[in-house]
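What the coordinates show
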Amino acid sequence: MAPSRVSFSDQVVTEAKRLGFDAVAIADAREPIEQDVARYESFVDAGMHGAMSWLATPENARARTRLDGDEILAGARSIVCVARRYPRDAENGEVSRSIARYARGRDYHKFLRKRLRRLATFIRSIGAPDGPVRERVHARPLLDEEPILERAWAARAGLGFVGKNGMLIVPGAGSMFMLGEVVTTLELRPTGRPIAERCGSCTRCLDACPTGAFERPFVLDPRRCISYLTIEQRGAVPVEMRESIGAHLFGCDDCQTVCPFNASAGARASTERAVDGDPFAPLARWSLVRLEELLSIDDATWDEWSEGSPLRRAGRAGLARNAAIVLGNRGEPSALPALQKAAAHHDDATVRSMARWAIERIEQEVQKIGR
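Residues numbered from 1 in each chain as written. Predicted model: local features only at pLDDT ≥ 70, side-chain atom pairs only at ≥ 80, totals over all residues. Heavy atoms only, no water.

**Re the sheet that holds strand S3 (residues 139-142)**
Sheet architecture is open: four strands sit in the order S1-S2-S6-S3, paired in antiparallel fashion. Both edges of this open sheet fall to strand S1 (23-28) and S3, since each of them pairs with a single strand only. With direction set aside, neighbouring strand axes in the sheet form an average angle of 20 degrees. In the sheet, strand S2 (residues 78-85) pairs with strand S6 (residues 177-184) via eight bridges, with the strands oriented antiparallel. Note on S6: the bridge partner recorded for Ser78 is Thr184. Contacts from helix H1 (residues 8-18) reach S1 and S2, with the element oriented near 145 degrees to S1. Helix H6 (residues 150-157) rests against S1, S2 and S6 of the sheet, and its axis sits at about 90 degrees to S1. (Pairing = 2+ DSSP bridges. Helix = DSSP H or I, 4+ residues; strand = E, 2+ residues; numbered from the N terminus. Axes fitted to C-alpha atoms, helices over the stretch in contact; angles between N-to-C directions. Contact = heavy atoms within 4.5 Å.)

Right, dumping it as C-alpha cells:
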C-alpha cells in the first residue's frame, strides 16, 4: 500500500507555523457572512467610524461581502487565517509603557506582509500543476489594509471567537494577536468550526474602558475609544475625553489587559522566534526618550524616532498633542517648562492648545496641594 499523502491543508498549517505564526485556521472562502456584514453596515450607518472615511467607502462593499469576486480574488475557494502573538509585559521606560503593546516594537505590517507573501508562495507551489488537468493556483496575502472583515473570517475558520470587547480571543492564548490572511483558489480542507463565544457573564472589559466607549457588549464606538482619539483623531481631542486618556500616549490595551483569557500563562508571547526574532520587542530608542521631548521635536528628529514604528501613524503633531495631554494628566510641575515652551512656540495650533490645557490642569493641582 502506498504511503498516505499529507493533505494540502496540513502542509499549509505546518508551513504557517514554521513562518512564525502562533495560530492557524482555514475556512471555505465561498461561505456567506451576511450577519457580520449587516453588523458592520449598522456600525457605519450609525457614523461610528468617525473620521475613518475609508471604512465607509462604497467601492469596498462587495469585498467585505465576498472573497471570491474580482475585488479580492476571483474564484477563491479557501482562506487561511493566521495570528501572530505580541508580548503582554515588554516595556523599556515611560514612553513605551504609554504605548499600546502591539506598537512598542517595529511596524507589524512590514514583517507580517513578508511572511504572508511567503505563505502565499508556498500555497502556489504545493498546488502547482503537475499535468494538463490541474489549473493554476492563485493566492493573495491580506492584512488589515484590505477591506475584508478579518475577525469575522478568523472566527468563521475557528481561529478564535469574538469577545465582548470586539477582539478575537484564541482559547488558551488570549487576544493579544495581530491577524493576517491568505486567500487562495486552492481547495483546502477547513480545519475547524466556529467556536462558541465564551465570555459568559463577564463584563470586565466593558467596565475597564476609561472613556465608556462600549455602547453594549460587542459594540464599540471608536469615536470614544482612546486608540481612535490618540491615533486616528486629527486636531484637538474633545475636552471631556482628555482626562480619561490618562497615561495613554498611543493606543490603549485596557479592555484586553483585564480579560481573563489574557491572564493565563498561554497569553504570554514566546521570546524564542526562530524566523525573525521578536519584532514586537520595544524599540531601544524609547528608553532614551522622555515625554517632554515629544513636545519640541523637529521634522528630522521625528523621522528618525518614528522610522519603522507604528507611531508614525499619529504624526509628529499628533504625538506631541498626546504627550501634552498625558503630561497634564500626570500633573507633575516639572513638566511645566516644556509645556510652556510648546504653548508659546509649537508650530501646530492644536499642540499649543493642548499644552495650555495641560498647564492649567497642573497649576490647578499645585494650588490644591498648596491650600
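**So, the packing of H1 against helix H5 (residues 108-126)**
Contact geometry for H1 and H5: axes closest at 10 Å, N-to-C directions at 155 degrees. Between H1 and H5, the crossing angle belongs to the class labelled roughly antiparallel. For H1 against H5, the interelement crossing comes out right-handed. Contacts between H1 and H5 involve Phe8, Gln11, Val12, Glu15 and Ala16 from the first element and Leu119, Phe122, Ile123 and Ile126 from the second. (Parallel < 35°, antiparallel > 145°, perpendicular 65-115°, else oblique. Left-handed = near helix turned anticlockwise from the far one by under 90°.)

**Concerning the side chain of Asp221**
For Asp221, the location among the structural elements is in the loop between strand S8 (219-220) and helix H8 (226-232). Taking the relative accessible area as the measure of exposure, Asp221 reaches 7% and is therefore buried. In this structure the side chain of Asp221 is engaged in a polar contact, spanning 2.9 Å, whose partner is the side chain of Arg223. Ignoring anything within four residues of it in the chain, the contact list for Asp221 reads Met48, Ala213 and Glu215. (Buried < 20%, exposed > 50% of the residue type's maximum accessible area, 1.4 Å probe, protein only. Polar contact = N/O pair within 3.5 Å; in protein donor to acceptor, adjacent residues only side chain to side chain.)

**Regarding the packing of aromatic side chains**
Within this structure, the stated rule accounts for six aromatic pairs. Here Tyr86 and Phe280 contribute two aromatic rings whose centre-to-centre distance is 5.5 Å and whose plane-to-plane angle is 45 degrees, an arrangement assigned as tilted. Taken together, the positions of Tyr86 in the loop between S2 and helix H4 (94-97) and Phe280 in the loop between helix H11 (260-263) and helix H12 (299-306) put the pair 194 residues apart, joining distant regions of the chain. Assigned by exposure class, Tyr86 and Phe280 land together as buried. (Phe/Tyr/Trp six-rings, centres within 6.5 Å; stacked < 30°, edge-to-face > 60°.)

**A closer look at the side chain of Glu15**
Examined against the element boundaries, Glu15 turns out to sit in helix H1. Take Glu15: its relative accessible area is 12%, and that puts it in the buried class. What Glu15 contacts, discounting residues up to four positions off in sequence, is Leu119 and Phe122.

**A short note on the nonpolar core**
Grouped together as the largest cluster of nonpolar side chains are 115 residues, with contacts concentrated most on Val80, Tyr102, Leu119, Ile123, Leu159, Phe250 and Leu339. Looking at this core element by element, the count peaks at nine residues for H5. (Core = buried A, V, L, I, M, F, W, Y, C linked by side-chain atoms within 4.5 Å.)

**Considering the state of the cysteines**
For the coordinates displayed, the defined rule picks out zero disulfides. Not part of a disulfide, Cys81 finds its nearest cysteine sulfur in Cys199, a span of 19 Å. Here Cys209 stays free of any disulfide, with the sulfur of Cys225 as its closest cysteine sulfur at 6.4 Å. (Disulfide = S-S within 2.5 Å.)

**Some remarks on the confidence of the model for the protein**
Predicted confidence across the protein gives a mean pLDDT of 91, with 93% of residues reaching 70 or more. Predicted confidence for residues 265-276 stays below pLDDT 50, and this span has 29 contacts to residues more than four positions away or in other chains. (pLDDT = per-residue confidence, 0-100.)

**Description of a positive patch on the surface**
Together, Arg106, Lys110, Lys114 and Arg118 line one region of the surface with positive charge. Inspection of the secondary structure puts Lys110 in helix H5. (Patch = residues over 30% accessible without salt bridge, like charges linked within 9 Å, V, L, I, M, F, W, Y side chains within 5 Å. Areas by Shrake-Rupley, 256 points an atom, 1.4 Å probe, with all protein chains shown as cover. Salt bridge = Lys/Arg side-chain N within 4 Å of Asp/Glu carboxyl O. Lys, Arg positive; Asp, Glu negative; His and termini not counted. Charge placed at Lys NZ, Arg CZ, Asp CG, Glu CD.)

**Thoughts on helix H13 (residues 315-330)**
Structurally, the α-helix is built with 3.6 residues per turn, so residues lying three or four positions apart point the same way. Helix length check: H13 (16 residues) gives 22 Å between terminal C-alpha atoms against 22 Å at 1.5 Å per residue, within 8%. Most of H13 is tucked away: 14 of the 16 residues are buried. (Expected span 1.5 Å × (residues − 1).)

**Digging into the pattern of salt bridges**
With the rule as written, the count across this model stands at 24 salt bridges. Measuring nitrogen to oxygen at the nearest pair gives 3.5 Å for the salt bridge that ties Glu71 to Arg62. Between Glu215 and Arg216 there is a salt bridge whose closest N-O contact spans 3.6 Å. Here Glu215 falls in the partly exposed class, since its relative accessible area comes to 49%. Under the relative-accessibility criterion, Arg216 is labelled partly exposed at 48%.

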